[in-house]
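# Descriptive structure summary
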Amino acid sequence: MTRNRRRNTPAAPAVTAADRPDLSFTAFHQMNRASYVRYAETYLRHRQDAEEAIDSTFEHLLRTWDQVLLTENPAAYAWTIMRNKVTDHARARNRRPPLIDEAAFNTVSLRDAVDPIGQITETLALFRALRQLTDRQQDVMVMTYLQGMNAPEVAAVLGMTSATVRSTVRHSLRRLREILGPDRIIEGQR
C-alpha cells in the first residue's frame, strides 16, 4: 500500500541554483531585516506598512543582488534603496515621510517629565531641528537616540565604521545646538 502512494504522489519540482537566493543575500537579509523594519516603523508608524516597505526593499535587492555586490559599499547602497522605498511607501499612502513629530508623544522623557507640556514643546522643537540635518545625520540620530542602538550596531546597518557613526553623532549634536541655541541641553553621544 505504501508503494502505491509513492507512485501516485506528484514529484516535487526540482529546485535549481537559480531559484535559491545567494547565501550572501540570505545572510544580509537575516542580519538587517529587523533593523530596517524598526527604522521604517519610525517613519510609517504602522508595523504592517513598515514590513511591506521592507519586503519591497528586499525584493528589489534580491533582483539586483549581483549589481549590489559590485558597489563600493553594498550595505550603504542597500540602506539608500530601503530609505527610498520607505519614502515611496509613505507617499503612496498620502503621508509625509518624516513623521518624527509624532514620536515626540512617545518618549521616555515625556513619561518621566514633571512638566509634560513643556517637555512636548521641547521635544517637538528637537524633532523639527532633526529634519534640518542631512539624511545620513538623521538616520544616525534616529537609530542612536530613538531606537537605542549603539555605534557598532548603527555602523553595521549603515555600512560605515563605528568611528564614522560617532563622528556623525558629534557633528549632528553640534548642528542641533546651532539650530536650537546654545542654552538648550542636548545629551552627549552614546
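Residues numbered from 1 in each chain as written. Predicted model: local features only at pLDDT ≥ 70, side-chain atom pairs only at ≥ 80, totals over all residues. Heavy atoms only, no water.

Across its full length, the protein chain carries ten helices and zero strands. Reading the helices (α) and strands (β) of the protein chain from amino to carboxyl end gives α-α-α-α-α-α-α-α-α-α. For the protein chain, the proportion of its 190 residues judged to be buried stands at 38%. Put simply, the protein chain shows about 11700 Å² of open surface, and 52% of that area lies on carbon and sulfur atoms. (Helix = DSSP H or I, 4+ residues; strand = E, 2+ residues; numbered from the N terminus. Buried < 20%, exposed > 50% of the residue type's maximum accessible area, 1.4 Å probe, protein only. Areas by Shrake-Rupley, 256 points an atom, 1.4 Å probe, with all protein chains shown as cover.)

Right, let's talk about the packing of helix α2 (residues 23-44) against helix α8 (residues 135-146) for a bit. Running from amino to carboxyl end, α2 crosses α8 at an angle of 100°, the nearest separation of the two axes being 11 Å. When the axes of α2 and α8 are compared, the pair comes out roughly perpendicular. Between α2, through Y39, T42 and Y43, and α8, the contact on the second element is made entirely by Q138, D139, V142, M143 and L146. Split by residue class, the contact of α2 with α8 holds five nonpolar, two polar and one charged. (Axes fitted to C-alpha atoms, helices over the stretch in contact; angles between N-to-C directions. Parallel < 35°, antiparallel > 145°, perpendicular 65-115°, else oblique. Contact = heavy atoms within 4.5 Å. Nonpolar A, V, L, I, M, F, W, Y, C, P; charged D, E, K, R; others polar.)

Of all hydrophobic cores here, the largest spans 43 residues; its most connected members are F28, Y36, I54, L61, W79, V86 and M143. Those elements giving two or more residues to this core turn out to be α2, α3 (47-63), α4 (65-70), α5 (74-92), α7 (116-130), α8, α9 (151-158) and α10 (162-180). Once you skip the residues sitting within four places of it in the chain, F28 turns out to touch Y36, F58, L61, W65, A75 and A78. (Core = buried A, V, L, I, M, F, W, Y, C linked by side-chain atoms within 4.5 Å.)

So, on to the confidence of the model for the protein chain. In regions of low pLDDT, the predicted coordinates are not meant to be interpreted in detail. A residue-level look at the protein chain finds 69% of positions with pLDDT of 70 or above and a mean pLDDT of 79. Mean pLDDT per element in the protein chain: helix α1 (residues 2-8) is the minimum at 50, and α3 is the maximum at 95. Of the regions scoring below 50 in pLDDT, residues 12-17 engages in two contacts with residues more than four places distant in sequence or in other chains. (pLDDT = per-residue confidence, 0-100.)

Our focus in this paragraph is the packing of aromatic side chains. Each aromatic ring pair is described using two quantities: the centre-to-centre distance and the angle formed by the ring planes. This structure, assessed with the given rule, holds nine aromatic pairs. Ring geometry for F25 and F58: centres 6.1 Å apart, planes at 75°, overall edge-to-face. Remark: F58 occurs in helix α3 and F25 occurs in helix α2; sequence separation between them is 33 residues. A single burial state applies to F25 and to F58, both of which are buried. (Phe/Tyr/Trp six-rings, centres within 6.5 Å; stacked < 30°, edge-to-face > 60°.)

So, on to the side chain of S35. For S35, the location among the structural elements is in helix α2. The buried category is assigned to S35, whose relative accessible area is 8%. The residues touching S35, leaving out its near neighbours within four places in the chain, are M149 and V157.

Now for a positive patch on the surface. Taken together, the side chains of R166, R170, R174 and R177 define a basic patch exposed on the protein surface. Judged by its relative accessible area of 33%, R177 falls in the partly exposed class. (Patch = residues over 30% accessible without salt bridge, like charges linked within 9 Å, V, L, I, M, F, W, Y side chains within 5 Å. Salt bridge = Lys/Arg side-chain N within 4 Å of Asp/Glu carboxyl O. Lys, Arg positive; Asp, Glu negative; His and termini not counted. Charge placed at Lys NZ, Arg CZ, Asp CG, Glu CD.)

Let us now look at α2. Compared with an ideal rise of 1.5 Å per residue, which puts 22 residues at 32 Å, α2 spans 30 Å between its outermost C-alpha atoms and is within 8% of the ideal. Among the residues of α2, F25, F28, N32, S35, Y36, V37, Y39, A40, T42, Y43 and L44 are the ones counted as buried. Packed against the buried residues of α2 are α3, α4, α5, α8 and α9. Positive backbone phi, approximately 70°, marks R45, located one or two places after α2. (Expected span 1.5 Å × (residues − 1).)

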